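Report on the structure
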Amino acid sequence: MRLLLVEDDPMIGDTLREALRRQGFAADWVRDGQAADAVLASERFDAVLLDLGLPRRSGIEVLKTLRARGDVTPVIVLTARDALSDKVAGLDAGADDYLIKPFELDELLARLRAVTRRGGGRATPMLEVADLRLDPATREVTRAGRPILLSAREFALLEALLERPGAIVSRAQLEDRLYGWGEELESNAISVYMHQLRKKLGADLLHTVRGLGYYAGPEKGGAA
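Let me sum up the structure you'll find in this document. Keep in mind that this is a model prediction, so the values were computed, not measured.

Looking at helix H8 (residues 189-201)
Between the first and last C-alpha of H8 there are 18 Å, a value that for 13 residues agrees with the 18 Å anticipated at 1.5 Å per step. Three or more residues of H8 are buried, namely Ala189, Ile190, Tyr193, Met194, Leu197 and Leu201. Projection of H8 onto a plane perpendicular to its axis shows the buried side chains occupying an angular sector of 130 degrees, all on one side. Gly202 sits one or two residues past H8 and shows a positive phi near 100 degrees.

Here it is, written out as structure tokens:
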């Protein structure tokens, strides 16, 4: 999952970005409202974590601009403003959720799962292909009922594929889901993670389509 963190406090921003990356998210970070506007107009994210008290342009203005152009990317407001009027203003401007600082990382992760699940139209969090099951809420993966232990990036890669079973996902799309700006990326990283997943899960449900990308599901013509 690729996230945009919009936060002007360097300590909070750095700590939160690193915590999210350790959980397997590709977390990018900008520090003011104008930068957020520019990035959101040109790049796609699975969710936005948005502070309200930003320099150059407020979080409310960023949110209104995002919604005015029809962008339905889930947005969770993260702010120290706990007045009811501020919460109402954020939700009325188009926020999907509102979390008061300070907060626990586990609560933020749960709210992220909830808003992205709603945005994807899934009533339940479970992702399944055949006897392979992935639960984003508990971060558990099983195959035929047997628990499979995955690294954070292996989990993120498998989640990206299982969100759209049978659909081919390009290498570039997977890299966007796994890596944020400035993170070192080796040219064969996705191939390495796919190899590791096949060793752990079996090769029958994870396929490569040469020149196009990867998909999860029963094998179809042209896959390897």
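A short note on the pattern of salt bridges
Going through the model one piece at a time under the given rule, you end up with 19 salt bridges. Residue Lys101 is joined to Glu7 by a salt bridge in which the shortest nitrogen-to-oxygen separation is 2.6 Å. You can see Lys101 sitting in the loop between strand S5 (97-100) and helix H5 (105-119) and its partner Glu7 sitting in the loop between strand S1 (2-6) and helix H1 (10-22), a full 94 residues away along the chain. Look at Lys101 and you get buried, because its relative accessible area is 19%. Residue classification places Glu7 among the buried positions, given a relative accessible area of 3%. Ionic pairing is found between Lys200 and Glu154, a salt bridge with its closest N-O pair at 2.7 Å. Of this pair, Lys200 sits in helix H8 while Glu154 sits in helix H6 (residues 152-162), and the two are 46 residues apart along the sequence. Overall, the relative accessible area of 32% leaves Lys200 in the partly exposed class. Overall, Glu154 belongs to the buried group, its relative accessible area being 4%. Each of Asp14, Arg17, Glu18 and Arg21 takes part in salt bridges that share partners, so that together they form one network.

Rules of the game
Residues take numbers from 1 onward in each chain, read along the sequence in its written order. Two thresholds apply to this predicted model, a pLDDT of at least 70 for residue-level local features and 80 or more for giving and counting side-chain atom pairs, whereas whole-chain, interface and lining totals are computed over all residues. Computation of side-chain values: all heavy atoms of the structure, hydrogens and water removed. What counts as a helix is a DSSP run of H or I of at least four residues, what counts as a strand is a run of E of at least two, and both are numbered from the N terminus. For a helix, the expected span equals 1.5 Å multiplied by the residue count minus one. The classification of residues rests on relative accessible area computed with a 1.4 Å probe and restricted to protein chains. Under 20% of the type maximum is buried, over 50% is exposed, and intermediate values are partly exposed. Of all possible arcs, the one meant is that of the directions from the helix axis to the C-beta atoms. Each salt bridge in this description consists of a side-chain nitrogen of Lys or Arg and a carboxyl oxygen of Asp or Glu lying within 4 Å of one another.

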